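So the chains spell out like this:
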Amino acid sequence: MPTITLHVDDQNRERKLSVDATRAEKVEEVRGEIDHAIVTLERETWRDVDDILERRTDHLIVDDGSGTWFAGRFDDDSKGDDATIEVRIAGYERDALDAEPLGDNVIYQNTDDSVIVTGLVDQVGTLEAGTVETVKSGLSMSFSYANPSKALRDTEEAGGGELRFNYDQTVDYVSRLGADRSGVVLSPSERTIIDEPEVTEDAREDVTHLRGFGAQSGPDQVTAKVVADSYGGGKQVWREYENKDIKVKTRLESILEQRITEIENEPAHIEIEATAIGVDVDLGDRVTVTLPEEGIDRMLRIVSRREILESAGVSYVLSLTNRLLTGEDSGQKARKDLQRFNRGYEGFVDRAQITSGWNAAGDGTPQELIVVNWPDDIVEEQVVTLAVQGRAWRSPVLPESHDHSVSIGSHTHSVSISDHKHDVTVELMDHDHTSGTLSADSHDHDMSFTRYTSEDSPDDPHDHLVELNKLTGDAAPSVSGMTGTTGGESQTVTSESGGGTTETTSSGGGTTTTTDSTVPLSPEVTTQFDGTTYYPSDVTISLNGTDVATIAGNDSSSWTETINLEGELTSGLNTITATPATRGELNLSLASELFRRGRTQ
């Protein structure tokens with residue numbers, strides 16, 4: 001009959017109290033629940049323990065008479081069936097669960113799983129790395145505010161190894177727990193199994209393809225697929241795996257490869273739960289199970305081990321199976337899902353693109369892009385790129401040629417004619433003349449006017465060309481006192497009008513008006529203006545009023561240039577402006593890919 005003792009040690013492993021217990025059981029699982037033990041004490045005994053127990057930091061150790069049988073932290077207490085108290089003790093994985101979560105963006109890229117495990121264990125001040133093996137190389141993992149326990153279990157799943165939290169507060173990570181125990185046979189005929197075992201055997205599944213779904217949804221969801229090595233064509237059998245925590249495709253592929261290999265090796269799933277006695281087996285061991293009535297005679301692995309210490313002796317309730325990865329029970333899956341969504345949410349990838357559209361810019365007027373609500377829960381800005389496009393300044397219409405009709409009313413012109421000369425030809429007949437003079441008295445001129453009008457603006461001033469036609473009136477030029485000559489010749493004599501005379505012609509008073517002015521437009525993309533095409537160049541990019549870059553552009557053709565704005569935008573409203581040195585048209589497009597933590601409760 002085993003003796004059961006409960007020790008209480010302080011955080012420095014100094015013994016505070018030891019008491020007797022009446023019963024104890026512990027449960028350990030491969031890739032399952034946190035190991036735990038339940039110890040039954042008399043109520044009076046429990047009061048002694050409760051008085052001195054520091055529940056957060058003390059160690060509870062169960063001794064079976066030969067040494068430490070279980071050790072961990074206080075978890076809970078409850079009343080038993082009689083005058084007893086059941087004390088629940090959690091294994092030291094509880095320390096990893098309670099420890100400070102990891103940072104907002106802890107990334108391991110192409111790293112050995114042993115390095116990841118060691119790094120995660122080091123995050124827990126009360127734990128140390130024990131035996132840590134490299135099971136898978138080149139593993140990529142990312143964590144955001146995950147507790148170390150969950151991060152370790154995720155690494156275990158992706159790497160394919162197995163974790164063990166030891167009673168001395170060390171953590172092992174090995175390719176496989178336990179060993180092959182061919183000499184151990186569990187069978188009613190061997191009297192190593194008591195009661196009736198529960199047997200679950202699924203029909204054979206010849207799965208040929210596995211498809212996995214990770215983080216995100218729709219076209220952005222992380223997906224992967226693997227094909228069984230044995231598949232050579234023909235009918236396909238597909239199965240699915242889903243884990244929304246997975247954001248790296250290679251990690252998803254690693255998990256799928258492990259699962260389809262296990263299915264290939266064991267097409268039919270077998271699971272047995274049996275109570276065993278008279279054997280010494282550990283978690284992870286493979287033992288021979290012989291159940292003739294069920295047609296089972298083969299080695300199966302212990303994936304769950306419940307050990308019970310009581311007055312009758314030691315017994316084990318074992319779960320044995322030929323599968324570990326693809327045979328998890330629904331309760332275990334529900335627990336993982338609950339932790340995943342309630343405790344270990346690790347964020348999501350947010351992809352977006354916004355654009356300003358094309359607008360004319362230049363002459364001091366910028367192009368503008370408004371980012372309405374930049375997130376405040378960004379863990380990592382993976383892509384924040386601004387694309388700036390430039391093209392020719394353009395008009396959507398072309399003005400056609402056109403006329404203006406102008407009407408000028410009655411008005412008056414005053415013309416001044418001063419000091420001028422007249423050439424007069426005198427024909428000399430065959431007779432004599434005496435010397436004399438040529439004179440021209442005051443006289444009138446006939447005048448005609450030529451009108452000029454501005455085609456661009458009929459309201460502009462206009463000129464009149466005055467043309468003198470001839471002399472008229474009563475005071476015609478006269479000749480007197482001419483010097484006599486003979487020969488019938490002619491002679492031209494110039495006379496001056498003494499002092500000059502001002503003549504005025506009148507056409508009455510009046511006003512000037514414009515009528516029937518029309519400008520027809522033709523729909524057409526126009527990029528030339530007076531023979532010149534304008535392209536934007538030397539564009540200054542500003543963010544919230546601060547210059548962040550200058551783009552050369554091109555002053556003779558369309559162009560596109562990009563700049564990196566990672567780390568530049570702030571949460572909330574942001575204004576991006578692009579101001580060219582020369583006029584043209586600009587379009588701004590902002591593409592982003594953000595890893596976000598998401599909302600928290």
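If you're wondering where the values come from, they're calculated on a predicted model, not measured in any experiment.

Undergrad: With reference to specific residues and values, describe the overall build of the chain.
TA: Helix and strand counts for the chain stand at six helices and 42 strands. Buried residues in the chain amount to 42% of all 601 residues. The long-range share in the chain, meaning contacts at least 24 apart out of those at least 6 apart in sequence, stands at 73%. When the accessible surface of the chain is split by element, carbon and sulfur atoms take 43% of a total near 32,000 Å².

Undergrad: Can you tell me about the sheet that holds strand β15 (residues 209–213), naming the residues and giving the values?
TA: If you walk across this open sheet you meet the three strands as β16-β15-β17, and the pairing is mixed. Two strands bound the open sheet, and with one partner strand each, they are β16 (223–227) and β17 (238–242). Between one strand axis and the next, the sheet turns by 20 degrees as a mean value, whatever way the strands run. One ladder, built from five bridges, connects β15 with β16; its direction is antiparallel.

Undergrad: Now, about a negative patch on the surface: what can you tell me, with residues and values included?
TA: On the surface, Asp 195, Glu 196, Glu 201, Asp 202, Glu 293 and Glu 294 cluster together to form a negatively charged patch. By the secondary structure assignment, Glu 293 is in the loop between β19 (286–291) and β20 (296–310). Classification of Glu 293 by relative accessible area gives exposed; the value is 77%.

Undergrad: Quick rundown of the side chain of Asn 574? Include the residues and the values.
TA: Tracing the sequence through the fold places Asn 574 in strand β41 (residues 572–579). The class of Asn 574 is buried, set by a relative accessible area of 0%. Of the polar contacts made by the side chain of Asn 574, one reaches the side chain of Asn 544; its length is 3.0 Å. Asn 574 has contacts with Leu 369, Ile 370, Val 371, Trp 374, Leu 543, Asn 544 and Leu 569, leaving out every residue within four places of it along the chain.

Undergrad: Now, about the sheet that holds strand β39 (residues 546–553): what can you tell me, with residues and values included?
TA: Pairing within the open sheet is antiparallel, and its four strands lie in the order β24-β41-β38-β39. Across the chains shown, the open sheet's two edge strands, defined by having one partner strand only, are β24 (367–374) and β39. Recorded for the sheet is a direction-independent mean angle of 20 degrees between the axes of neighbouring strands.

Undergrad: Give a detailed account of the pattern of salt bridges, specifying residues and quantitative values.
TA: Close approach of charged atoms allows side chains with opposite charge to pair. Tallied over the entire structure, the rule returns 29 salt bridges. One salt bridge in this structure joins Glu 28 and Arg 305, with 3.1 Å as the shortest N-O distance. Here Glu 28 is found in strand β3 (residues 23–29), whereas its partner Arg 305 is found in strand β20, with 277 residues between them in sequence. Residue classification places Glu 28 among the buried residues on the basis of a relative accessible area of 12%. Taking relative accessible area as the criterion, Arg 305 reaches 5% and is therefore assigned buried. In this structure, Glu 44 engages Arg 47 in a salt bridge whose closest nitrogen and oxygen atoms are separated by 2.3 Å. Taken together, the residues span about one helical turn, with Glu 44 and Arg 47 both in helix α1 (residues 43–52) at a distance of three residues. For Glu 44, a relative accessible area of 54% translates into the label exposed. One salt-bridge network, held together by shared partners, links Arg 23, Glu 25, Arg 306 and Glu 310.

Undergrad: Summarise the nonpolar core; cite the residues concerned and give the values.
TA: Of all hydrophobic cores here, the largest spans 38 residues; its most connected members are Leu 120, Leu 127 and Phe 143. Secondary structure elements with two or more residues in this core: α3 (113–121), β10 (139–143), α4 (148–159), β11 (162–165), β12 (170–174), β16 and α5 (249–265). Ranked by the residues each element gives to this core, the list is headed by α5, at five residues.

Undergrad: Which residues make up the packing of α4 against α5, and what values go with them?
TA: Relative to each other, α4 and α5 sit at 60 degrees, their axes nearing to 7 Å. Of the possible angle classes, the one that applies to α4 and α5 is oblique. Of α5, the residues touching α4 (which contributes Asp 154, Glu 157, Ala 158 and Gly 159) are Arg 251, Ser 254, Ile 255 and Gln 258. Here the contact of α4 with α5 is composed, by residue class, of two nonpolar, three polar and three charged.

Undergrad: A description of the confidence of the model for the chain should follow, citing residues and the corresponding values.
TA: Confidence in the prediction of the chain, expressed as mean pLDDT, is 81, and 75% of residues score 70 or more. In the predicted structure, residues 329–345 sits below a pLDDT of 50 and forms 25 contacts with residues beyond four places in sequence or in another chain. pLDDT under 50 marks residues 461–470. Its contacts with residues more than four places away, or in other chains, come to 30 contacts.

Undergrad: Tell me about the packing of α3 against α4, residues and numbers included.
TA: Running from amino to carboxyl end, α3 crosses α4 at an angle of 170 degrees, the nearest separation of the two axes being 10 Å. The orientation of α3 with respect to α4, classified from their angle, is roughly antiparallel. Of α4, the residues touching α3 (which contributes Asp 113, Ile 116, Val 117, Leu 120 and Val 121) are Pro 148, Ala 151, Leu 152, Thr 155 and Gly 159.

Undergrad: Lay out α4 with the relevant residues and their values.
TA: Between its first and last C-alpha atoms α4 spans 16 Å; for 12 residues at 1.5 Å apiece the expected length is 16 Å, and the two agree. Taking burial as the measure, the 12 residues of α4 include 12 buried ones, the bulk of the element. For α4, the full list of buried residues reads Pro 148, Ser 149, Lys 150, Ala 151, Leu 152, Arg 153, Asp 154, Thr 155, Glu 156, Glu 157, Ala 158 and Gly 159. At the N-terminal end of α4, a side-chain oxygen is found 3.1 Å from the backbone nitrogen of Ser 149, two or three residues along, and the residue is Asn 147.

Undergrad: How would you explain the packing of aromatic side chains if you had to name every residue and give the values?
TA: What the rule picks out here adds up to five aromatic pairs. Between the aromatic rings of Trp 46 and Phe 74, the centroid separation amounts to 6.2 Å while the plane-to-plane angle is 15 degrees, which identifies the pairing as stacked. Taken together, the positions of Trp 46 in helix α1 and Phe 74 in strand β6 (residues 68–79) put the pair 28 residues apart, joining distant regions of the chain. With relative accessibility at 9%, the residue Phe 74 sits in the buried group. For the ring pair Trp 393 and Phe 529, a centre distance of 4.7 Å and an interplane angle of 50 degrees mean the geometry is tilted.

Undergrad: Now, about α5: what can you tell me, with residues and values included?
TA: It helps to recall that an α-helix has 3.6 residues per turn; residues three or four apart then point in one direction. The end-to-end C-alpha distance of α5, which contains 17 residues, comes to 25 Å, matching closely the 24 Å that a straight helix rising 1.5 Å per residue would cover. What α5 keeps buried is the set Arg 251, Leu 252, Ser 254, Ile 255, Leu 256, Gln 258, Arg 259, Ile 260, Glu 262 and Ile 263. Buried positions along α5 lie against β10, α4, β15, β16 and β17.

Undergrad: I'd like to hear about a nonpolar patch on the surface, residue by residue, with values.
TA: A contiguous nonpolar patch, built from Ile 370, Val 372 and Leu 573 and spanning about 290 Å² of accessible area, is present on the exposed surface. The exposure class assigned to Val 372 is exposed, which follows from its relative accessible area of 62%.

Undergrad: I'd like a description of unusual backbone geometry, backed by residues and values.
TA: Phi is positive for Arg 191, which is not a glycine, with a value near 55 degrees. With respect to the helices, strands and loops of the structure, Arg 191 is situated in the loop between β13 (180–186) and β14 (193–201). Residues other than glycine seldom take positive phi values, yet Asn 544 does so here, at roughly 55 degrees. Tracing the sequence through the fold places Asn 544 in the loop between β38 (537–543) and β39. Note on Asn 544: relative accessible area 39%, which makes it partly exposed.

Conventions we followed
Residues numbered from 1 in each chain as written. Predicted model: local features only at pLDDT ≥ 70, side-chain atom pairs only at ≥ 80, totals over all residues. Heavy atoms only, no water. Helix = DSSP H or I, 4+ residues; strand = E, 2+ residues; numbered from the N terminus. Buried < 20%, exposed > 50% of the residue type's maximum accessible area, 1.4 Å probe, protein only. Contact = heavy atoms within 4.5 Å. Areas by Shrake-Rupley, 256 points an atom, 1.4 Å probe, with all protein chains shown as cover. Pairing = 2+ DSSP bridges. Axes fitted to C-alpha atoms, helices over the stretch in contact; angles between N-to-C directions. Patch = residues over 30% accessible without salt bridge, like charges linked within 9 Å, V, L, I, M, F, W, Y side chains within 5 Å. Salt bridge = Lys/Arg side-chain N within 4 Å of Asp/Glu carboxyl O. Lys, Arg positive; Asp, Glu negative; His and termini not counted. Charge placed at Lys NZ, Arg CZ, Asp CG, Glu CD. Polar contact = N/O pair within 3.5 Å; in protein donor to acceptor, adjacent residues only side chain to side chain. Core = buried A, V, L, I, M, F, W, Y, C linked by side-chain atoms within 4.5 Å. Parallel < 35°, antiparallel > 145°, perpendicular 65-115°, else oblique. Nonpolar A, V, L, I, M, F, W, Y, C, P; charged D, E, K, R; others polar. pLDDT = per-residue confidence, 0-100. Expected span 1.5 Å × (residues − 1). Phe/Tyr/Trp six-rings, centres within 6.5 Å; stacked < 30°, edge-to-face > 60°.

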